[in-house]
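# Residue-level structural notes
Residues per chain are reported as follows:
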Amino acid sequence: MSASQLTLKIKGLRDSLLVTLPEGRWDDLRGLLLNQIQERESFFKGARLALDVGVQALHVSDVSELRDALSEQGVALWAVLSESPATEKTAQLLGLATRLARPTPEVPRAPAAVVEADKALWVDKTLRSGMRVEYPGHIVVLGDVNPGAEIVAGGSVIVWGRLRGVVHAGAEGNGEASVCALDLSPQQLRIAGEIALAPKQRKTPVPEIVRLKDGQLVAEPWRPDKH
Amino acid sequence: MSTVLTIGSGKGGVGKTTAVANLAVALAASGDKVVCIDGDIGLRNLDVIMGLENRIVYDLVDVVEGRCRLRQAMIRDKHLPELYLIPAAQTRDKNAVSPSDMVRLCDELRGEYDWILIDSPAGIERGFKNAIAPADRVVVVTNPEVSAVRDADRVIGILEAEEKGTPSLILNRLNPIMVKRHDMLSADDVVDLLAVKIIGVVPEDEDVIVAANRGSPVALDQKSRAGQAFRNIAQRLKGIDTPFLALDDQGNLWQRLFAGRK
Ligand SMILES: Nc1ncnc2c1ncn2[C@@H]1O[C@H](COP(=O)(O)OP(=O)(O)OP(=O)(O)O)[C@@H](O)[C@H]1O
Ligand SMILES: [Mg+2]
């Protein structure tokens, strides 16, 4: 399919524009998008843009390059929606939203959502300050979660490393969720609606797991026999 | 082969400009050809620290906007013939330059100089993006303070996400006496959190401020400890293995005198 046959779908949201890309080669689509924006400069100028890229698998360099090109044209990319897990991860690493609306944590979801959420996002790197990873299912981090980083999971969170940032498990109200880490010293830890602030730093950290028991957050050593 | 090296930090005032001036001087004194670019448009001060303020005719924005040729904006250093500065514009803002302008400009300098050092502004916005766009290597400067380290972590994360690779770290303004009293983060604490390679530790040193005011970077002062630390970092940048200064060896003279007798 040649680039000229491709068309964009543009939809106005409350405070931003949602652009849905057709299928095609990324280079063509990228060119198409930037062209359209240039042609309709006054329409796009100053807009916040959410981009639905469909199944397109994008690397960090693709998205960051596009974000820079858009910002040169006065358009702020704030979200990238995709069916590709690779693209979702890319967007998360760049601090972009991957869904249009944040779920409201107070309202417990229907059971159907819980079943759908029983998947895990695999993050095989350290999360540094300012990074936020949000996923409706479980989140597994192979690395540290540094102070200033944030994890929000619909399900449980496992950190194979030091958890020193902010973590929210069961973010959609699931009180069965748990949080465990090799060294658990978060700035703030939440499961469903319960919040615990930073515990004291221990000299020799042991792996721990936190669960919600009778409305209270309880930390226990994380050992194979405890599951 | 040129290396474009950008110095960034996230937090302001941690010593980026000081590091650029001193590394530039140290590299040039070791025989390399060096150009520094002040990327802090609107708040330029690399020219002051290098003592070249009075010689500015054209600046970075003049080059980008085609009002002069690149050579015309390059100011030759007073002491070192192979050291040049491209100053920032004082009266414009960072949007006057784009990341691709910086890439083009550095490409023009590549080949002729061994080092192109870029002084990044604080923050993680446009000016920072401009400064890292052409970088082959990035060095992050931080201080042994929780907030500075947190910002360094943020910047390192951005650099990794933008596929600039993991930067190396300069820990500046370390006070060994305070570290010993457990009143200051140690180099180990900082490296433990940031998980990057440390390329130098520079002590807190009044000479830095005196030298900056005189417009003659402290790396030119053979007696200064901070100057020595910067010269060592320059060696490490060149790939020459250089031992770290024993920063606490003047902390307590008696301890040092008796250390050998234990
Ligand atoms: N090792 C040191 N010992 C003592 N003073 C220092 C040291 N390093 C830097 N300073 C002082 O700290 C101040 C800030 O340094 P500098 O201007 O290099 O920081 P910067 O990171 O470039 O700041 P900005 O973010 O505003 O560009 C200056 O007054 C400088 O002289
Ligand atoms: Mg500066």
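What follows covers the interface of chain A and chain B. Counting residues at the interface gives 15 residues for chain A, matched by 13 residues for chain B. In terms of residues, the side of chain A that touches chain B owes the most to one element, helix α3 (residues 60-72) of chain A, which gives 5 residues. Counted by class, the side of chain A that touches chain B contains 5 nonpolar, 7 polar and 3 charged residues.

All names here are of chain B. Spatially, 8 strands are ordered β3-β4-β2-β5-β1-β6-β7-β8 in an open sheet, and the strand pairing comes out mixed. Here the strands that pair on one side only, and so sit at the sheet edges, are β3 (75-76) and β8 (198-203). Along the sheet, helix α1 (residues 16-29) makes contact with β1 (3-8), β2 (34-38), β4 (83-86), β5 (115-119), β6 (137-142) and β7 (168-174), crossing β5 at roughly 165 degrees.

All names here are of chain B. Contact pair helix α7 (residues 146-161) / helix α9 (residues 187-194): the axes reach a minimum separation of 10 Å and the direction vectors enclose 35 degrees. Regarding α7 and α9, the two cross each other, and that crossing is right-handed. Contacts between α7 and α9 involve V149, A152, D153 and I156 from the former and V190, L193 and L194 from the latter. By residue class, the composition of the contact of α7 with α9 is 6 nonpolar, no polar and 1 charged.

Our next topic: the site of ligand 1. Residue and element names in this part refer to chain B. The immediate surroundings of ligand 1 are formed by 19 residues, with G12, K16, T17, T18 and A122 found nearest. Where the shell around ligand 1 is concerned, the elements lending two or more residues are α1, β7 and α10 (206-214). Across the shell around ligand 1, the residue classes tally to 7 nonpolar, 7 polar and 5 charged.

If you check the domain split of chain A, you get domain 1 (3-93) and domain 2 (111-226). Distance from the C-alpha centre of domain 1 of chain A to the C-alpha centre of domain 2 of chain A: 32 Å.

Time to look at unusual backbone geometry. Residue and element names in this part refer to chain B. A positive phi angle is found at E163, which is not glycine, with a value near 60 degrees. On the basis of neighbour count, E163 is assigned to the exposed category, with 10 C-beta atoms found within 10 Å. Non-glycine residue A195 carries a positive phi angle of around 50 degrees. Looking at where A195 falls in the secondary structure, it is placed in the loop between α9 and β8. Classification of A195 by C-beta neighbours within 10 Å gives partly exposed; the count is 15.

All right, on to the packing of α1 of chain B against helix α11 (residues 225-237) of chain B then. Residues and elements named next belong to chain B. Two elements in contact, α1 and α11, have axes whose closest approach is 9 Å; the angle formed by their N-to-C orientations is 65 degrees. Considering their axes alone, α1 and α11 lie roughly perpendicular with respect to each other. Judged by the sense of rotation from one axis to the other, the crossing of α1 with α11 is right-handed. On α11, the residues touching N22, L23, A26 and L27 of α1 are F230, R231, I233, A234 and L237. For the contact of α1 with α11, the residue count by class is 7 nonpolar, 1 polar and 1 charged.

Residues and elements named next belong to chain B. Summing up the model confidence of chain B, the mean pLDDT is 91 and the portion of residues at 70 or higher is 94%. Here residues 249-262 is modelled with pLDDT under 50, and outside its nearest four sequence neighbours on either side it reaches 4 contacts, counting other chains as well. This complex was scored by the predictor with a pTM of 0.73 and an ipTM of 0.73.

Right, let's get into helix α4 (residues 85-93) of chain A. Taking burial as the measure, the 9 residues of α4 of chain A include 7 buried ones, the bulk of the element. Buried within α4 of chain A we find T87, E88, K89, T90, A91, Q92 and L93 of chain A. Taken together, the buried residues of α4 of chain A touch α3, β4 (76-81) and β6 (132-135) of chain A together with α7 of chain B. Immediately downstream of α4 of chain A, the backbone of G95 of chain A shows phi near 75 degrees, a positive value.

L23, A24, V34, L60, I116, L117 and F230 of chain B are the most contacted members of the largest nonpolar core, which has 115 residues in total. The element best represented in this core is α1 of chain B, accounting for 9 residues. Residues within four places of F230 of chain B in sequence aside, it is in contact with N22, L23, A26, V202, V218 and A219 of chain B. Within the second largest apolar cluster, 18 residues are counted, among which are L29, V53, V63 and V80 of chain A.

What counts and how
- Residues numbered from 1 in each chain as written.
- Chains lettered and ligands numbered in written order.
- Predicted model: local features only at pLDDT ≥ 70, side-chain atom pairs only at ≥ 80, totals over all residues.
- Contact = placed C-beta atoms within 7 Å.
- Helix = DSSP H or I, 4+ residues; strand = E, 2+ residues; numbered from the N terminus.
- Nonpolar A, V, L, I, M, F, W, Y, C, P; charged D, E, K, R; others polar.
- Pairing = 2+ DSSP bridges.
- Axes fitted to C-alpha atoms, helices over the stretch in contact; angles between N-to-C directions.
- Left-handed = near helix turned anticlockwise from the far one by under 90°.
- Near = placed C-beta within 6 Å.
- Domains from an automatic or database assignment.
- Buried ≥ 20, exposed ≤ 12 C-beta atoms within 10 Å, placed from the backbone.
- Parallel < 35°, antiparallel > 145°, perpendicular 65-115°, else oblique.
- pLDDT = per-residue confidence, 0-100.
- Core = buried A, V, L, I, M, F, W, Y, C linked by C-beta atoms within 7 Å.

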